[in-house]
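# Overview (structure and organization)
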Amino acid sequence: MSLIHHCTQRRLRGWPWAWGAGAWLTLCRTVFAAVLAVAFCGASSQGASPGADDRFSIRVWQVEEGLPSDKVLALAQTPDGFLWVGTAAGLARFDGKRFGIWREPQSIADQRIETLFTDRSGSLWVGTSEGRLFRLQDGKLGELGTEAGWADARIQSIGEDKEGAVWMATGTGGLLRFHGGRFQAMMPETQEPGAVRALAAETAGDRAVWIQRSASLGYLSGTNSIKVRPSGTVPLRMGAMTPRRAGGMWLFSGTSLDVLQDGRWSGVSRPYPKFMDPYRLLEDSHGHLWIATTQQGLVCLAPNDRATRFYTGTGFPTDFPTSLLEDRDGNLWVGTPAGGLVRLSRRTVSTVTVPERSWAAPLCVAEDANNTIWAGFGEIGLYRCPPNGMPVPVEPKGRPFATGWALHHGRDGRTWYAAYGWGLYSIRGNEVQLWSGREGLPSNDIHALAEDSNGRLWLGGVSGLSRFDGDGFVNITVRDGLPASPVHALALEASGAVWAGTSGKGLVRWSEGRTEVFTTKHGLPSDDIRSLLPEGGSLWIGTSRGLCFWDEGKLRPIPESAGLPRREIAGMVDDRRGNLWLATHRGVLRVARAELEAVAEGRADRVIVRRVGLEDGMPGLRMSAGQPCAVRAHDGRLWFATLKGLAVIDPRDVRTNEPSSRVYLEEVFVDGVPAAARADLAEARPVRVPPGSRHIEFRYTTANLTTPERVRFQRRLDGFDDAWQEAGTEGTVAYHGLRSGSYRLRVRASNGDGVWSDRENAVAFDLAPSFWETRGFRGGMAALLVLGIGGTFHWRTRTLEQRRANQERFSRQLMAQQEAERRRVAAELHDSLGQTLSIIRNRAALAVAEGDAGPRSNAHVADISSAASEALTSVREICQGLLPVELDRVGLTKTLRAVAERAGSGAGLETLIEIDPVDDLVARENWIHILRILQEALNNILKHAKAGRLTVTLREDDECLRLVIADNGSGFDPRMAAQGRSLGLSTMEERARILGATLRLDSAPGRGSTVRLDVPTTRRPTAS
């Protein structure tokens, strides 16, 4: 009527007898359009909808998203899950995210693909407009030619019989059968009335192949016989036909959709909208018939005969669908002549909102005894939601209720409704009663309601916990052990115990006056309790930071590592199908209850979580804070109160988690250049990577046509990674600077719900070594390194030896100069000072002898003579020390003995001297060094040791001379002596080094000291 009104307003003005020809023509067109609309509605009077059904979400892919052409002519799905799209500009494979354009072999590139078919073996048949035929097997696409008996012919339709033979109806009316690797012509190709126009094969039963001819319909029994349908009248107007899942074939008979089975009409018939010319038919897994028409769009005929039409007027991209396909996930794919590829996905979630008040958020939801859903909305009050209808306000007294935070339907038929700030309403029919503070309600802000087995109503709110006994309220307060915190959630045990979840003070169990409080100290994930769900003697606890399970008197939190996110759980509901549904602020989560219990009890580590989100039709992700915000209806559907409307989920429509498909490696790039394509990778041969490559990139994919955005990958490079590594959602991974060697990359995928596929894929590759990484180069470099190290060590050793020899030579020269200087000084002292002192002494002695001076003078002269004698003695001792003439006169042995005896007797020490003859055992030029070492040791003893006994021994022992000088003096700490090393000790060490001897000093405080000198002997030959 609105169409007629519109046309009348534009063209049909004035009285009818005054209208012109144009006005009458407009009226006729308008009436025809109205009749067409009425006819469509009449044909679907069982519940027809002239617009697109909101139970389906529609998405379109076009050239901008990678499709080769917007003209899609054929569709097929292979067992690996990929969708194959035949377009006017080539063949593409779709994984849910990206289109991979197939260009191998070269003869298929840019071809017009008109036919696609997947047989039971998984092979994909591809027919082009030029009559070429290709088949995809084991990842390789090959062309079939004359060697297989193929003569170039356009394929009209294709099917497979129970024996696995593939039947093809050609565009020229011929019929071909492929079996055993060759084609067989089943009837001549001709334009005669008997030519084949269409072909379809049943997918159930005996899988008969049905053939549509110009004036008849038949089916094949065996390989060579064609039997005409034995009974009934063959319809003169033949349309599309499609297999029926229950057996037989759906066929358009001109006025309805009927089923042919076993060669006859089965009596199964479906009404068909009039004025709709069917082009293709498809029955989906839900029993819906999809009808592609020539110009009226796509029609969905539900099992209840409700028809829904998708066409350009409803936002659908075409009025002439060219191809239909249902994938294994239940999505319907539609090819269009110019609008690209279309996916119709069945929404898991349906939404209920208040018309013209969709901004109002439902806060709580419950079902009454009459199976009617009630919902409390913010600002607009309480509504009823009848099945398949719009929400109706509950206004017993003609005015809406206030915002509701809690709902409960009692056993006595009353509905309890907690209105924010107003108190508690009791509703029975048109009878409404308000309980507030004046009637004894402890607070007008009630957050949760529950009813025990005795029909008593329990209330949780700002003032804590209360109980309504029919006449009044009993309050349980802090004095009863209740924490001073609002109660947000309630649950009742069969025993009568009450569980109360507080806001920030933990979980309370109240039973017969006894109160128990549980907090994070007892195992709760959080002290902020948002929801409770009793289950027999157990309790599920939803907190602001995850889920917890109470069982057998113990709290068992579900850790985040188990796969359940640490989110606020606003509500919980059991679907009675073995699953627990959690209403969170990130969507609805479905988890198998048995898996949760296994994790809680420590029998398992992870759970599989199915998330229902925006892509499934949720109006919003954030849940409402009312109680309850989730409920299971009598029909099994689950209702959730979100801030953007009521979400209704039928658990039967939520598919069970299936592992992701196998991951397929697509390409390998080395330094940005393709190194291997999918055809090469399918050979499972290692990919050769040239030497010097620094950047190796792998591209892989997996098929997920429903929720590709949820797919996640893990990869592991054997020889590089110790464990599986997260690879995100993108199908690429790159490695930089790998060392040469053999590697194996393994990749696997998850379906986004935590279910990982056990069908991983792998590719081996060999990174060839650069010349500097080859064995020869490494061996040569190792040899050079060894030679270099050896040469360096030899050079360093020689340098050190030369340096030591130079140092020894310098020391010898220095000591020789010192000895020469000592001789010169000794000579000077002896010849000058010694002579002078001798003259002074002699003359003084003469003067004393003459006695001419007085007695006093004679005494002075005697003193002078005595002093001169002492000075002369000292000079001679100094000369003796500087120039030990005994070495030349008496030899080394006697000199050493004389020096030791003079030192001991001069100091009054008890001296023990044992010196063997050693003159022939040491080179003469080394005598002086041994003597000087002895003199230095004796000087140190006499100056510092405060000893009473001195021992000097010199013996030949094991081809060496061992000189030992020991005392029983005060001793010293060798470490302190090493830190403050004296010139004398350094000189001794240097002389020992010149001798090639070993010098060792042993001492300790209070235990004396010992000097040991081991000198190598040089025995001179004995004269004969």
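Summarised in this report is the structure supplied together with it. Each residue is numbered by its place in its chain's sequence as written, counting from 1. Reporting in this predicted model follows two pLDDT cut-offs: at least 70 for local features of residues, and 80 or more for side-chain atom pairs to be given and counted; totals over whole chains, interfaces and linings ignore these cut-offs and use all residues. In computing side-chain properties, one takes all heavy atoms of the structure into account and sets aside hydrogens as well as water.

## A word on the pairing of strand β68 (residues 960–967)
Whether a residue is buried, partly exposed or exposed follows from its accessible area with a 1.4 Å probe, protein chains only, as a fraction of its type maximum: under 20%, in between, or over 50%, in that order. The numbering of helices and of strands both runs from the N terminus, where a helix is a DSSP run of H or I of at least 4 residues and a strand a run of E of at least 2. Within β68, six of the eight residues are buried, leaving the element largely enclosed by the surrounding structure. Strand pairing is defined by DSSP finding a minimum of two bridges between the two strands. Where strand β67 (residues 949–956) and β68 come together, seven bridges link them in antiparallel fashion. Bridge pairing in β68 places Leu954 opposite Leu963. Pairing between β68 and strand β70 (residues 1009–1016): eight bridges, direction antiparallel. Each residue of the ladder has a partner; that of Asp967, found in β70, is Ser1009.

## Observations regarding a nonpolar patch on the surface
A cluster of nonpolar side chains, namely Met781, Leu784 and Leu787, defines an oily patch on the protein surface of about 330 Å² accessible area. As for its position among the elements, Leu784 is in helix α5 (residues 775–850). Here, patches come from residues exposed beyond 30% relative accessible area and free of salt bridges, joined within 9 Å for like charges and within 5 Å for nonpolar side chains (Val, Leu, Ile, Met, Phe, Trp, Tyr). The method behind every accessible area is Shrake-Rupley, applied with a 1.4 Å probe, and residues are considered shielded solely by the protein chains displayed. Any Lys or Arg side-chain nitrogen found within 4 Å of a carboxyl oxygen on Asp or Glu counts as a salt bridge.

## Looking at empty space enclosed by the protein
Here a cavity denotes a set of grid points, spaced 1 Å apart and computed over the protein atoms alone, in which a 1.4 Å probe fits but from which it cannot get out, and a pocket denotes an open set meeting protein on both sides within 12 Å along at least five of seven lines; residues with an atom within 4 Å of a point are reported as lining. Grid points are joined across faces, edges and corners, and a volume is the space filled by probe spheres set on the points. On inspection of all chains with the given rule, the structure shows five cavities of 30 Å³ or more. In this structure, the largest cavity occupies an estimated 80 Å³ of space. Lining the largest cavity are Asp95, Lys97, Arg98, Thr701, Thr702, Asn704, Pro708, Val711, Phe713, Thr729 and Gly731. Looking at side-chain class alone, the lining of the largest cavity contains three nonpolar, five polar and three charged residues. Residue classes follow a fixed rule: Ala, Val, Leu, Ile, Met, Phe, Trp, Tyr, Cys and Pro count as nonpolar, while Asp, Glu, Lys and Arg count as charged, and any other residue, Gly among them, counts as polar.

## Focus: unusual backbone geometry
The bulk of non-glycine residues show a negative phi, and the bulk of peptide bonds are trans. With an omega of 0°, the peptide bond between Glu104 and Pro105 qualifies as cis. Along the polypeptide, Pro105 turns up in the loop between β5 (99–102) and β6 (113–118). Backbone torsion omega between Gln627 and Pro628 reads -10°, so that peptide bond is classified as cis. Mapping Pro628 onto the fold places it in the loop between β53 (609–612) and β54 (630–632). In this model, Glu552 sits at a positive phi of 55°, which is unusual for a non-glycine residue. Within the fold, Glu552 resides in the loop between β48 (546–551) and β49 (554–557). Glu552 sits in the exposed class, given a relative accessible area of 70%.

## Considerations on the side chain of Gln627
You can see Gln627 is positioned in the loop between β53 and β54. Judged by relative accessible area, which is 11%, Gln627 ranks as buried. Residues count as neighbours in contact if any of their non-hydrogen atoms are within 4.5 Å of one another. The contact partners of Gln627, leaving out residues within four places of it in the chain, are Leu363, Cys364, Trp405, Ala406, Leu407, His447, Ala448, His488, Arg530, Ser531 and Ala570.

## Considering the sheet that holds strand β33 (residues 392–393)
Taken in spatial order, the four strands of this open sheet run β30-β31-β32-β33, and their pairing is antiparallel. Looking at which strands have only one partner, the edges of the open sheet turn out to be β30 (362–367) and β33. Here β30 runs beside strand β31 (residues 373–377); their pairing, made up of five bridges, is antiparallel. If you follow Glu367 over to β31, its bridge partner there is Ile373.

## Looking at the nonpolar core
Among the buried residues, those of types Ala, Val, Leu, Ile, Met, Phe, Trp, Tyr and Cys that are joined through side-chain atoms within 4.5 Å form a nonpolar core. Core analysis: the biggest nonpolar cluster contains 37 residues, and Leu896, Leu938, Val952, Leu963 and Ile965 have the highest contact counts within it. At the level of elements, α8 (892–907), β66 (910–915), α9 (927–945), β67, β68, α11 (983–995) and β70 are the ones that each hand at least two residues to this core. If one sorts the elements of this core by residue count, α9 sits on top with ten residues. Discounting chain neighbours no more than four positions away, the residues touching Leu938 are Val899, Ala900, Ala903, Leu950, Val952 and Ile965. Core analysis: the second largest hydrophobic core is formed by 32 residues, Val349, Val354, Cys385 and Trp581 among them.

## Overview of the pattern of salt bridges
Counted according to the given criterion, the structure contains 42 salt bridges. Here Arg154 and Glu114 are joined by a salt bridge, their closest N and O atoms 2.7 Å apart. Separated by 40 residues along the polypeptide, Arg154 in the loop between β9 (140–144) and β10 (155–160) and Glu114 in strand β6 bring together distant segments of the chain. On the accessibility criterion, Arg154 (45% relative accessible area) is partly exposed. The salt bridge involving Glu615 is made with Arg710; its shortest N-O contact spans 2.2 Å. A residue pair is termed long-range when its members are at least 10 positions apart, and Glu615 in the loop between β53 and β54 and Arg710 in the loop between β60 (695–701) and β61 (712–718) qualify at 95 residues. Residue class for Arg710 comes out buried when judged on its relative accessible area of 9%. One connected set of salt bridges, linked through shared partners, spans Arg610, Arg611, Glu615, Asp616 and Arg710.

## Side note on the sheet that holds β5
Pairing within the open sheet is antiparallel, and its four strands lie in the order β2-β3-β4-β5. Two strands in the sheet have a free side with no partner beyond their single neighbour: β2 (72–77) and β5. In this sheet, adjacent strand axes meet at a mean angle of 25° when their direction is disregarded. Relative to strand β3 (residues 83–87), β2 runs antiparallel, the two sharing five bridges. Residue pairing for β3: Ala76 is matched across the bridge by Trp84. Interaxial angles span 0 to 180 degrees and are taken between N-to-C directions of axes, which are lines fitted to C-alpha atoms, for helices over the stretch in contact.

## Quick notes on the packing of aromatic side chains
How two aromatic rings sit relative to each other is set out by the distance from centre to centre and by the angle between their planes. For Phe, Tyr and Trp, where Trp contributes only its six-membered ring, two rings pair if their centres lie within 6.5 Å, and the inter-plane angle classes them as stacked under 30 degrees, edge-to-face over 60, or tilted in between. Summed over all chains, the structure comprises 33 aromatic pairs. Ring centres 5.6 Å apart and planes at 65° place the aromatic pair Trp416 and Phe468 in the edge-to-face group. Here Phe468 lies in strand β40 (residues 464–468) and Trp416 lies in strand β35 (residues 415–419), a separation of 52 residues in the sequence. Grouped by ring-pair contacts, the aromatic residues Phe56, Trp290, Phe310 and Phe316 constitute a single cluster. Over the ring of Tyr311 we find Arg309, and its NZ or CZ is 3.8 Å from the ring centre. Across the ring face of Trp724, the terminal group of Arg748 is positioned such that the distance to the ring centre comes to 4.3 Å. Charge over a ring is defined by NZ of Lys or CZ of Arg lying within 6 Å of the ring centre and within 35 degrees of the ring normal.

The quantities given are spatial measurements derived from coordinates; they are silent on function.
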